[in-house]
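Observations on the three-dimensional arrangement
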Amino acid sequence: MPSISDLRRQSTKVRETLVRTAVDELCTLIENRQIREAEARDRAGDVRFHARLLIPERLEQFDRLYQARFERLIEQYL
């Protein structure tokens, strides 16, 4: 697995795709009820941490879009 410093050298599009993939995977786990609420919240924090490292210039947008999505899905499915 590449290091964060290696990933930071990738294009913005590649870094955004990595974050989006992590978001989609977590959302799928939540929707399929494959994890518990506490774990979902922990993983959401982990995804945000990685987003902060990979796309710091877009963290505000991440919070508006994805944090709200995580909360909604957790409330709806867990």
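Above this text is the structure in question.
Residues numbered from 1 in each chain as written. Predicted model: local features only at pLDDT ≥ 70, side-chain atom pairs only at ≥ 80, totals over all residues. Heavy atoms only, no water.

What about the nonpolar core?
Most often, soluble globular proteins have nonpolar side chains that are buried together. Cut-off, in case you're wondering: By nonpolar core we mean a set of buried residues, namely Ala, Val, Leu, Ile, Met, Phe, Trp, Tyr and Cys, connected to one another through side-chain atoms within 4.5 Å. Accessible area is worked out with a 1.4 Å probe on protein chains only. A residue is then buried under 20% of its type maximum, exposed over 50%, and partly exposed in between. The contact rule is simple, with two residues in contact once any of their heavy atoms fall within 4.5 Å.
Counting 19 residues, the largest nonpolar core has Val-19, Val-23, Leu-26, Ile-30, Phe-62 and Phe-70 as its most contacted members. With residues up to four places along the chain from it excluded, the contact list for Phe-70 reads Val-23, Leu-26, Cys-27, Ala-44, Val-47 and Phe-62.

With respect to the side chain of Arg-15
Under the convention used in this document: Only DSSP runs of H or I reaching four residues or more are called helices, and only runs of E reaching two or more are called strands; each is numbered from the N terminus. Asp and Glu count as negative and Lys and Arg as positive, but His and the ends of the chain are not part of the count. Salt bridges are defined by distance alone: a side-chain nitrogen of Lys or Arg within 4 Å of a carboxyl oxygen of Asp or Glu. We call two N or O atoms a polar contact when they sit within 3.5 Å, provided that within protein one can donate a hydrogen and the other can accept it, with sequence-adjacent residues counted only if both atoms are side-chain atoms.
If you trace the backbone, Arg-15 turns up in helix α2 (residues 12-31). In this structure, Arg-15 is buried with no salt-bridge partner, the nearest side chain bearing the opposite charge being Glu-57 at 4.1 Å. Within polar-contact distance, the side chain of Arg-15 engages the side chain of Thr-12 at 2.9 Å. Excluding anything up to four places from it in sequence, Arg-15 contacts Leu-7, Arg-8, Gln-10, Leu-54, Ile-55 and Glu-57.

Thoughts on the pattern of salt bridges
Enumeration according to the criterion identifies nine salt bridges in this entry. Here Arg-48 and Asp-63 are joined by a salt bridge, their closest N and O atoms 2.7 Å apart. Of this pair, Arg-48 sits in helix α3 (residues 37-54) while Asp-63 sits in helix α4 (residues 59-77), and the two are 15 residues apart along the sequence. Classification of Arg-48 by relative accessible area gives partly exposed; the value is 26%.

Looking at the environment of Leu-26
Here Leu-26 lies in helix α2. The exposure class of Leu-26 is buried, given its relative accessible area of 4%. In this view, Leu-26 contacts Ile-35, Ala-40, Arg-43, Ala-44, Val-47 and Phe-70; residues no more than four positions away in its chain are not counted.

Here's the deal with α2
Counting along an α-helix, one turn takes 3.6 residues, and residues three or four places apart therefore face a common direction. The line we're drawing: Multiplying one less than the number of residues by 1.5 Å gives the expected span of a helix. This arc describes the spread of directions from the helix axis toward the C-beta atoms.
The end-to-end C-alpha separation of α2 is 28 Å, in line with the 28 Å expected for 20 residues at 1.5 Å each. For α2, every residue scored as buried is listed here: Arg-15, Glu-16, Val-19, Val-23, Leu-26, Cys-27 and Ile-30. Along the axis of α2, the buried residues cluster in a sector spanning 110°; they form a single face. Of the exposed residues in α2, the ones pointing more than 90 degrees away from its buried face are Lys-13 and Glu-25. Those residues of α2 that are buried are in contact with α1 (4-8), α3 and α4.

Observations concerning the packing of α2 against α3
Packed helix pairs are specified by the crossing angle of their axes together with the interaxial distance, meaning the distance between the axes. This is how the line gets drawn: Note on method: axes are straight lines fitted to C-alpha atoms, helices fitted across the in-contact stretch only, with angles between N-to-C directions ranging 0 to 180 degrees. Comment on the angle field: the value is read as roughly parallel under 35 degrees, roughly antiparallel over 145, roughly perpendicular from 65 to 115, and oblique elsewhere. Note on residue classes: Ala, Val, Leu, Ile, Met, Phe, Trp, Tyr, Cys and Pro are nonpolar, Asp, Glu, Lys and Arg are charged, and everything else, Gly too, is polar.
For the pair α2 and α3, the least separation of the axes is 10 Å and the interaxial angle reads 175°. With respect to their mutual orientation, α2 and α3 come out roughly antiparallel. Mapping the contact onto sequence places Arg-15, Leu-18, Val-19, Ala-22, Val-23, Leu-26, Leu-29 and Ile-30 in α2 and Ala-40, Arg-43, Ala-44, Val-47, Ala-51 and Leu-54 in α3. Of the residues assigned to the contact of α2 with α3, the class counts are twelve nonpolar, no polar and two charged.

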